[in-house]
Amino acid sequence: TATNATNVLNATAHGLSNTDRVILASTFVDAGNMIPVMTNTTAPSGTPSANGELSTYEAWRAFDGNTSGTLWNVNTNTGYLQFAFNNGLTAKAITAYDLWNFTTAAAPVNWTIQASNTGAFGGEQVTLHTVTGASWGSTNELKQYTFSNTTPYIFYRMNITVNGGGADTAVAHLQFIVGTSYSTL
């Protein structure tokens, strides 16, 4: 994946052996993403949702493990994409996330990551991270973010308030991560 390639390149720049690079690349993604690879709206566990979705671009596809080729897409220039750690999962204290865009016009530019234990998002939610003015240089680009959070929540929502100027908003892939800090080694 894009995450693996980035971290292998960083490992190479710091003189790590081939074995070290492989271990770094294989554990970096697998150890941190708390969302199981989704195969539909409830399998294997948890519940993805959104404010809307186009046919074959359902919310669960942003969590299907594929960073290019499948995606969530909504026919508006704003929207939200959400994952609930329910249906067999427990609340998590998310501290980072990986985000892949689909196209620059449909990519999120301004958004917040919000969390809730009720799922109502009617004022009880907390904002964990805010991004304003994200710049995307290409399709299927990866951005990685960290923030401080020690409270486990069931519901996490990416609330997109501005996209790249397109009529649709899309996310190719989103991972919510616990305990991972991004650095250049």
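Worth saying up front: this structure is predicted, and the values here are computed from it rather than measured.

Calculation criteria
Residues numbered from 1 in each chain as written. Predicted model: local features only at pLDDT ≥ 70, side-chain atom pairs only at ≥ 80, totals over all residues. Heavy atoms only, no water. Pairing = 2+ DSSP bridges. Helix = DSSP H or I, 4+ residues; strand = E, 2+ residues; numbered from the N terminus. Axes fitted to C-alpha atoms, helices over the stretch in contact; angles between N-to-C directions. Buried < 20%, exposed > 50% of the residue type's maximum accessible area, 1.4 Å probe, protein only. Contact = heavy atoms within 4.5 Å. Polar contact = N/O pair within 3.5 Å; in protein donor to acceptor, adjacent residues only side chain to side chain. Salt bridge = Lys/Arg side-chain N within 4 Å of Asp/Glu carboxyl O.

Undergrad: It is not clear to me how the sheet that holds strand E1 (residues 47-50) should be interpreted in this structure. Could you clarify?
TA: Pairing between the strands of a sheet comes from backbone hydrogen bonds, and it takes one of two forms, parallel or antiparallel. Read from one edge to the other, the open sheet built from five strands follows the order E1-E3-E8-E5-E6, with strand pairing classed as antiparallel. Looking at strand neighbours, the two that pair on one side only are E1 and strand E6 (126-131), the edges of this open sheet. On average, each strand axis in the sheet is tilted by 15 degrees relative to the strand beside it, whichever way the strands run. Relative to strand E8 (residues 155-163), strand E5 (residues 108-116) is paired through eight bridges, and the arrangement is antiparallel. Note on E8: the bridge partner recorded for Gln 114 is Arg 157.

Undergrad: Sorry, what's going on with the environment of Asn 163 here?
TA: Mapping Asn 163 onto the fold places it in strand E8. Since its relative accessible area comes to 8%, Asn 163 is described here as buried. The spacing of Asn 163 and Ala 107 is 56 residues in sequence and 5.4 Å in space, taken between C-alpha atoms. Among residues more than four places away in sequence, those in contact with Asn 163 are Thr 76, Asn 77, Ala 105, Ala 106, Ala 107, Pro 108, Val 109, Asp 168 and Thr 169. Within polar-contact distance, the side chain of Asn 163 engages the backbone oxygen of Asp 168 at 2.8 Å.

Undergrad: Sorry, what's going on with the pattern of salt bridges here?
TA: Pairs can form between side chains of opposite charge whenever their charged atoms are close. Using the criterion set out here, one finds two salt bridges in the structure. Salt-bridge contacts for Glu 58 lead to Arg 61; the nearest nitrogen and oxygen are separated by 2.6 Å. The exposure class of Glu 58 is partly exposed, given its relative accessible area of 21%. For Lys 143, the salt bridge goes to Glu 141, with nearest N and O atoms at 3.4 Å. What makes Lys 143 buried here is its relative accessible area of 16%.

Undergrad: Mind showing me how you'd approach the sheet that holds strand E7 (residues 142-146) here?
TA: The strand order E7-E4-E10 describes an open sheet built from three strands, whose pairing is antiparallel. The sheet terminates laterally at E7 and strand E10 (173-177), the two strands that pair on one side only. Mean inter-strand twist for the sheet, computed between neighbouring axes without regard to direction, equals 10 degrees. When strand E4 (residues 96-100) meets E7, the two strands line up antiparallel, connected through five bridges. Paired with Trp 100 across the bridge in E7 is Leu 142.

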